[in-house]
Amino acid sequence: MRTSRTRSTRTRPLRGSLRRRVAALFAGAVTVAALLAAGTTAHAADAPLRDLAAAKGKVIGTAVTGSKLTGTYGTIAGGQFNSLTPGNAMKWGTVEPTRGSFNWAEADQIVAFAQAHNQQVRGHTLVWHSQNPSWLTNGTWTTAELSALLQDHITTEVTRYKGKLAAWDVVNEPFNEDGTYRSTLWYNGLGADYIAQALTWAHAADPSAKLYINDYNVEGVNAKSTALYNLVKSLKARGVPIDGVGLQAHLILGQVPGTLQQNIQRFADLGVDVAVTELDIRMQLPSDSTKLAQQAADYKAVFDACVAVTRCYGVTVWGFTDSDSWIPDVFSGYGAATPYDENYAPKPAYGAIAASLGGTTTPPPTGACTVTYSVQTQWNTGFTGQVRIACSGAALSSWKVNWTYGAGQQITQAWNATCTQSGAAVSCANASYNGSVPDGGSVTFGFNASWSGSNPVPTVTLG
Ligand code: XIL
């Protein structure tokens, strides 16, 4: 990988040289307002994503962990999303760890939370090769026994939540990358028709839930998504209850498939809904502003594609905060894949989602920090200058100010700041003890400089 480095301009530290002050000539002052960059950070006044999505007729969901649904996590999960997917709580290994002994606690909790917050629930998942109980995977079963086990499992779980779930990811990840069926307990034991059977059993247990087949790497048009397409087409032709396809969308930064919308559209044209079910967009750590901007563009591309197709039901993110994402555990060196950082601060991706859903970005706070440059005293070869940084309706935790001298002035000494001068360019940063400028407060630093001919006041910017 190629890394680029900014060529550094030569700077030199200032040598102190106090000059005799012979005059105190007022030389003027200039104030420069520098609005604080507010970026794309969302503010409390913005409409929640769930309201924006609802206005577009879309669902916006998140995977959740039941034990975390309090405090800030609960506030965001309940306030920003109109659908929840249990991240693990409804998987077979969770609900029936020992044969015949069930643990519905977390699943029930998530369903209750969703009902209390007027949210849908997306059930995930009934038939998968992963996260099954060991009694099941380690057992030896005849075809008839395996079929009965699967039917019982589906019937028990779907019946428990009958009428309470909007949709079920009935079958998860049935395909290989080349479009052949994945070799699993189910495919190997029951043949490809386990998919049709599972859908049929689920429909019998809850006729109102929308039934999906869900997979990854089926976001663009490719061999795997085409196999899914052909399966759905044949299931529809046979009258098997299939309502939709789930595109998991565990994506890599900068790699949203260009055929995403076309792919969603071709499934819609088959007469099924499409849901983006597990969206996250991972990047190599550490994150930086360039990667976060790319991630925002990627999130927007995915939401835009869903908004553009009527039968795209909605988008669920696989965890809304980087503190509750599976990515770092599974993809070594990758992370920062969700719209909120690990401290629940919205990332640029959050603003991009809001924008895609028709939201407006709240303007930055009207407050500002301003810089004032003034010449305090001036003599025949030198002068003493002062810079004041004052904040009102805004605040700084560190600061740096820059200006360019127009008449050959040269700084010789500074106090209460660290200043460097390279040619005409001067840059002064806070000292260790005065970086903080509170709302309504100010910080001042001073310097001595030489001049000859004239000493015009420069324009100072807060950087
Ligand atoms: C993941 C969970 O997020 C993790 O907590 C768990 O350890 C492994 O499974 N595709 C799916 C999801 O369908 O169920 C997976 O969830 C992520 C990949």
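Our subject is the structure that appears above.
In this report, the structure presented in the accompanying data block is examined.

How each quantity is defined
- Position numbers for residues start from 1 in each chain and track the written sequence from start to end.
- Local features in a predicted model are, by the rule used here, given only for residues with pLDDT of at least 70; side-chain atom pairs are given and counted only at 80 or more, and totals for whole chains, interfaces and linings are based on all residues.
- Hydrogens and waters are ignored; side-chain quantities use all the structure's heavy atoms.
- Here's how the labels work: a residue is buried when its accessible area is under 20% of the maximum for its type, exposed when over 50%, partly exposed in between, all with a 1.4 Å probe on protein chains only.
- Put simply, DSSP marks the helices as runs of H or I at least four residues long and the strands as runs of E at least two long, and each gets a number from the N terminus on.
- For two strands to be treated as a pair, DSSP must find at least two bridges joining them.
- Whether a set of points on the 1 Å grid over the protein atoms alone is a cavity depends on a 1.4 Å probe fitting there but being unable to get out, while an open set qualifies as a pocket with protein on both sides within 12 Å along at least five of seven lines; lining residues are those with an atom within 4 Å of a point.
- Grid points are joined across faces, edges and corners, and a volume is the space filled by probe spheres set on the points.
- Geometry is summarised by axes, namely lines fitted to C-alpha atoms with helices restricted to the contacting stretch, and by angles between N-to-C directions that run from 0 to 180 degrees.
- Under this scheme an angle from 65 to 115 degrees is roughly perpendicular, one under 35 degrees roughly parallel, and one over 145 degrees roughly antiparallel; angles in between are oblique.
- Each crossing gets its handedness from the near helix: less than a right angle anticlockwise from the far helix is left-handed, clockwise is right-handed.
- Only heavy atoms enter the contact rule, under which two residues are in contact if any of them lie within 4.5 Å.
- Note on residue categories: nonpolar means Ala, Val, Leu, Ile, Met, Phe, Trp, Tyr, Cys or Pro, charged means Asp, Glu, Lys or Arg, and polar means any other residue, Gly included.
- Disulfides are defined in this document as cysteine sulfur pairs within 2.5 Å.
- Only a single heavy atom is needed: when it lies within 4 Å of a molecule or strand, its residue is near that molecule or strand.
- The term polar contact refers here to a pair of N or O atoms within 3.5 Å; inside protein, the definition further demands a hydrogen-donor-capable atom paired with an acceptor-capable atom, and it admits residues adjacent in sequence only when both atoms are side-chain atoms.
- For the accessible areas, the method is Shrake-Rupley and the probe is 1.4 Å, while residue cover comes only from the protein chains on display.
- By definition, a pocket or cavity contains a molecule when more than half of the molecule's atoms lie within 2 Å of the pocket's grid points.

### Concerning the pairing of strand 19 (residues 442-450)
Here is step 1: Within strand 19, 7 of the 9 residues are buried, which leaves the element mostly enclosed by the surrounding structure.
Here is step 2: Across 9 bridges, the pairing between strand 14 (residues 382-392) and strand 19 is antiparallel. Each bridged residue has a counterpart across the sheet, and for G382 the counterpart in strand 19 is S450.
Here is step 3: Inspection of the sheet shows strand 16 (residues 410-415) paired to strand 19 by 5 bridges, in the antiparallel sense.

### Some remarks on empty space enclosed by the protein
Here is step 1: The full count for this structure, using the stated rule, is 4 cavities of 30 Å³ or more.
Here is step 2: Approximately 70 Å³ is the volume attributed to the largest cavity.
Here is step 3: In this structure, the largest cavity is lined by V59, S83, Q120, R122, A166, A167, A275, V276, Y313, G314, V315 and T316.
Here is step 4: Mapped by element, the contributors of at least two residues to the lining of the largest cavity are strand 5 (120-127), strand 10 (273-284) and strand 11 (312-317).

### So, the packing of helix 8 (residues 194-205) against helix 9 (residues 223-238)
Here is step 1: Where helix 8 meets helix 9, the closest approach of the two axes is 11 Å, and the angle between their N-to-C directions is 55 degrees. The orientation of helix 8 with respect to helix 9, classified from their angle, is oblique. In this structure, the crossing between helix 8 and helix 9 has a hand that is right-handed. Residue-level contacts link I195, A196 and L199 of helix 8 to L231, L235 and R238 of helix 9.
Here is step 2: When the residues that make up the contact of helix 8 with helix 9 are grouped by side-chain class, the tally is 5 nonpolar, no polar and 1 charged.

### Some points on the state of the cysteines
Here is step 1: Overall, the coordinates contain 3 disulfides when judged by the stated rule.
Here is step 2: Paired through a disulfide, C306 and C312 show a sulfur-sulfur distance of 2.1 Å. Between C306 and C312, the S-S torsion sits near -100 degrees, and that sign places the bridge as left-handed.
Here is step 3: You can call C306 buried: its relative accessible area is 2%.
Here is step 4: Across a sulfur-sulfur distance of 2.1 Å, C419 and C428 are joined as a disulfide pair. Torsion about the S-S bond of the C419 and C428 cystine: about 115 degrees, corresponding to right-handed handedness.
Here is step 5: For the protein chain, the bonded cysteines pair up as 1-2, 3-4, 5-6 when numbered in the order they occur along the sequence.

### What to know about the site of the ligand
Here is step 1: In the vicinity of the ligand, the contacting residues are N88, K91, H124, W128, Q131, N172, E173, Q248, H250, E278, W318 and W326.
Here is step 2: At a separation of 3.1 Å, an oxygen atom of the ligand approaches a polar side-chain atom of Q131.
Here is step 3: One of the side-chain N or O atoms of W318 is found 2.9 Å from an oxygen atom in the ligand.
Here is step 4: For the ligand, whose accessible area on its own is 410 Å², the fraction buried by protein is 75%.
Here is step 5: Applying the majority rule of atoms within 2 Å of the grid points places the ligand in the largest pocket.
Here is step 6: Among the residues making up the shell around the ligand, the classes are represented as 3 nonpolar, 6 polar and 3 charged.

### Considerations on the side chain of S325
Here is step 1: In this fold, S325 is placed in the loop between strand 11 and helix 12 (327-330).
Here is step 2: Since its relative accessible area comes to 13%, S325 is described here as buried.
Here is step 3: Sequence-distant contacts of S325, that is, excluding residues within four places in its chain, are made with A337 and T338.

### Some words on the layout of surface pockets
Here is step 1: The space that makes up the largest pocket amounts to roughly 620 Å³.
Here is step 2: Q248, H250, E278, W318 and W326 are, among the 33 residues lining the largest pocket, the residues nearest its centre.
Here is step 3: At the level of elements, strand 3 (59-64), strand 9 (250-252) and strand 10 are the ones that each hand at least two residues to the lining of the largest pocket.
Here is step 4: Among the elements that take part in the lining of the largest pocket, strand 9 stands out by supplying 3 residues, more than any other.
Here is step 5: Of the residues in the lining of the largest pocket, the class split is 11 nonpolar, 15 polar and 7 charged.
Here is step 6: Empty space within the second largest pocket amounts to approximately 160 Å³.
Here is step 7: Split into classes, the residues belonging to the lining of the second largest pocket amount to 8 nonpolar, 3 polar and 4 charged.

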